[in-house]
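Analysis of the macromolecular model
If you want the building blocks of each chain, they are given just below.
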Amino acid sequence: MRRLRIGVLDLATNAPIRNLYGRLMNANLASIMPQAVAAWCEQAGHEVCFACYTGLQSPVQALPQSLDLLFISAFTQAAQLAYALSNLFRRRGTVVALGGPHARSYPEDASKYFDYVLGLTDRAIILEVLQDCSPHRPSGAYLSASRQPDELPAVAERWKFIEPTLACAPLVKLVPMLSSLGCPYTCSFCIDSVVPYHPFRTQQIVEDLRFLLRKLRRPQVAWHDPNFGVRFDEIMAAIEEAVPPGRMEFGAESSLSLLSESHLTRMAKVGFKALLPGVESWFAHGEKSKTGSLSGFDKVKQVSEHAALILRSVPYLQTNFVLGLDSDEGPLPFELTKRFVDMTPGAFPGYSLLTAYGRAAPQNLEFQREGRLIPFPFHVLNNNHAMNVRPRHYSWPDFYDRVIDLTNHSFSLRTVARRFRAARTALPRWMNFVRAVSSEGRGRLRYYRTVRRLLDTDRSLRRFFDGETADVPAFYVHRIRRDLGPLWELLPAGALSSASTLCL
């Protein structure tokens, strides 16, 4: 095999940074798999240039002009940016491969614009691409492993790709790590619900953490597990073996069902500073929130008490909700969430609009069969700028009125001040404040109000939302054109209308 000149590009965002929170945190959205791909390519003897696009620099300028092969990793919101970049580099003679969540969710659409589209990816899949490394046009080759990899390159092997990205983070510098892949829960809207749970070797975790202690004065680690702590005693024993008390800080997504008082006490001792559990709904998914058959206000009370328990041990808590689930009807779900916000001032509420990402989750295919999917461009599918599933129990104006009311309540000056005072330490206090006044709070509220106004005043947008036309409204076209900038002209023919209804 000849020695190839390879680029690996991780698209952590889809547009230049325009807000304070993005400047602080975008570099911390780097993914692990692009780093693993870069390490596997180096192990195979190739020259590798790695870049993570955080919105600070041009993704084109971050890579050499002349490459034999380019791997791009993208979430669906960055798909149309990835399509434009692929078009540019293929014109230069580069073979281009797409991996990441978008490739898994929309392989048929992605194959129109890439030479390779990678589903579940392990070292053998990467070696197959390196061995072939040839153009596949007009339709790219789809490659997927039968399961997630049994192991990934160690942090030491990925460090040369991690360190430059950390340098772009001005304050919080999170090293991405995994202790497992897949999830034991079966939430029908989640991409990981169909991936069997697989823990990594604890000895590798010990070695990775010890390596970080040699490299950084006080490392901050973000566990990227879909649900951290499923095998709680094993992973905590590994952390306790590797990390002296007070030397490292951790954050993770987990489920309330795993966050018992004894577990929280143990997590606090090793340095956990942030937890992001999913509540999802007051009328469903009780197995994750440890509420069983409880629903409505009974569930609100129990989750609020559990949140207070967490905050006694861990200073930063984000509770995650999905708005627009089929289990929700009328004003009650939104009013209950407002009650929870009032009862739990120390928790930052994270709201996502129900979004179906292609074939990634079982529920998505059901939505398509029911004819409920709206063909939003991929660029706005980031869980909050578009909801591509027509609500079962709400009209669009009614739904947006309720989302606006909830968002306004959650990020009013009074609520923000109460959340500020409830935080026990400085960093959570200011992080909550910045998020509230930047893109996630007041910024998102402005956006929702604009969409709500257009539902009344822009007939083309309303017809699009109601499924009467597939023509992308000018409101979204202008937004995509602005975000892509010069790359707008490189968007391949038909790529703008590549849409989120493509599942079956």
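Reference entry: report on the structure contained in this document. (Residues numbered from 1 in each chain as written. Predicted model: local features only at pLDDT ≥ 70, side-chain atom pairs only at ≥ 80, totals over all residues. Heavy atoms only, no water.)

**Quick word on the pairing of strand β1 (residues 5-11)**
With six of seven residues buried, β1 is to be regarded as a mostly interior element. Note: β1 against strand β2 (residues 47-53), seven bridges, orientation parallel. The partner of R5 across the bridge, within β2, is E47. When β1 meets strand β3 (residues 69-74), the two strands line up parallel, connected through six bridges. Residue pairing in the sheet places D10 in a bridge with S73 of β3. (Buried < 20%, exposed > 50% of the residue type's maximum accessible area, 1.4 Å probe, protein only. Helix = DSSP H or I, 4+ residues; strand = E, 2+ residues; numbered from the N terminus. Pairing = 2+ DSSP bridges.)

**A closer look at the pairing of β3**
Of all six residues in β3, six are buried; the element is thus mostly enclosed. Inspection of the sheet shows β3 paired to strand β4 (residues 95-99) by five bridges, in the parallel sense. Looking at β4, one finds that F71 is bridged to A97. For the handedness criterion, the β-α-β arrangement of β3, helix α3 (residues 79-91) and β4 is classed as right-handed. (Right-handed = clockwise from strand over helix to strand, strands pointing away.)

**Considering the environment of S260**
Take S260: it is sitting in the loop between β11 (249-252) and α10 (261-270). A polar side-chain atom of S260 sits 3.3 Å from a polar atom in the side chain of S262. (Polar contact = N/O pair within 3.5 Å; in protein donor to acceptor, adjacent residues only side chain to side chain.)

**Observations regarding helix α9 (residues 232-242)**
Where α9 is concerned, the buried positions are F232, I235, M236, A238, I239 and A242. The buried residues of α9 occupy an angular sector of 155° when projected down its axis, which confines them to one face. Those residues of α9 that are buried are in contact with α8 (202-215), β10 (220-223), β11, α10 and β12 (272-275). (Arc of directions from axis to C-beta. Contact = heavy atoms within 4.5 Å.)

**A word on the sheet that holds β4**
Taken in spatial order, the six strands of this open sheet run β2-β1-β3-β4-β5-β6, and their pairing is parallel. Since the sheet does not close on itself, it has two edges, and those belong to β2 and β6 (141-143), each with one partner. In this sheet, adjacent strand axes meet at a mean angle of 20° when their direction is disregarded. Where β4 and strand β5 (residues 116-118) come together, two bridges link them in parallel fashion. Across the sheet, residue L98 finds its bridge partner in β5, namely V117. (Axes fitted to C-alpha atoms, helices over the stretch in contact; angles between N-to-C directions.)

**Remarks on a nonpolar patch on the surface**
On the surface, a nonpolar cluster with roughly 280 Å² of combined accessible area is contributed by W430, F433 and V437. Its place among the elements puts V437 in helix α17 (residues 426-437). Residue classification places V437 among the partly exposed positions, given a relative accessible area of 42%. (Patch = residues over 30% accessible without salt bridge, like charges linked within 9 Å, V, L, I, M, F, W, Y side chains within 5 Å. Areas by Shrake-Rupley, 256 points an atom, 1.4 Å probe, with all protein chains shown as cover. Salt bridge = Lys/Arg side-chain N within 4 Å of Asp/Glu carboxyl O.)

**A few points about the nonpolar core**
Counting 131 residues, the largest nonpolar core has L209, W223, I239 and F272 as the members making the most contacts within it. When neighbours within four sequence positions are excluded, L209 is seen to be in contact with M177, V221, W223, I239, A242, V243, M248 and F250. Counting 35 residues, the second largest nonpolar core, distinct from the first, contains V8, Y116, I126 and C133. (Core = buried A, V, L, I, M, F, W, Y, C linked by side-chain atoms within 4.5 Å.)

**Thoughts on the pattern of salt bridges**
If you walk through the whole model with that rule in mind, you get 30 salt bridges. The residue R452 makes a salt bridge to D456 at a minimum N-O spacing of 2.9 Å. Within this pair, R452 and its partner D456 are both found in helix α18 (residues 442-457), separated by four residues, close to a single helical turn. Residues D483 and R482 are paired through a salt bridge, measuring 3.0 Å at the closest nitrogen-oxygen approach. Judged by relative accessible area, R482 falls into the partly exposed class, the value being 42%. Within this structure, D326, E370, R372 and R392 form a network of salt bridges that share partners.

**Digging into unusual backbone geometry**
With an omega of 15°, the peptide bond running from R137 to P138 counts as cis. The backbone phi angle of C133 is positive, close to 40°, even though this residue is not glycine. Tracing the backbone through its elements, the reader meets C133 in the loop between α6 (123-132) and β6.

**Re the packing of helix α7 (residues 155-166) against α8**
Two elements in contact, α7 and α8, have axes separated by 10 Å at closest approach and are oriented at 45°. For the element pair α7 / α8, the angle class is oblique. Residues V155, A156 and W159 of α7 lie in contact with α8, whose contacting residues are D208, F211, L212 and K215. Here the residues of the contact of α7 with α8 are counted per class, giving five nonpolar, no polar and two charged. (Parallel < 35°, antiparallel > 145°, perpendicular 65-115°, else oblique. Nonpolar A, V, L, I, M, F, W, Y, C, P; charged D, E, K, R; others polar.)

**Brief notes about the packing of α9 against α10**
The contact between α9 and α10 brings their axes to 10 Å, and the two run at 20°. Judged on the interaxial angle alone, α10 and α9 are roughly parallel. Crossing handedness for the pair α9 and α10: left-handed. Touching F232, D233, M236, A237, I239 and E240 of α9 are H263, R266, M267 and V270, all from α10. For the contact of α9 with α10, the class distribution of residues is six nonpolar, one polar and three charged. (Left-handed = near helix turned anticlockwise from the far one by under 90°.)

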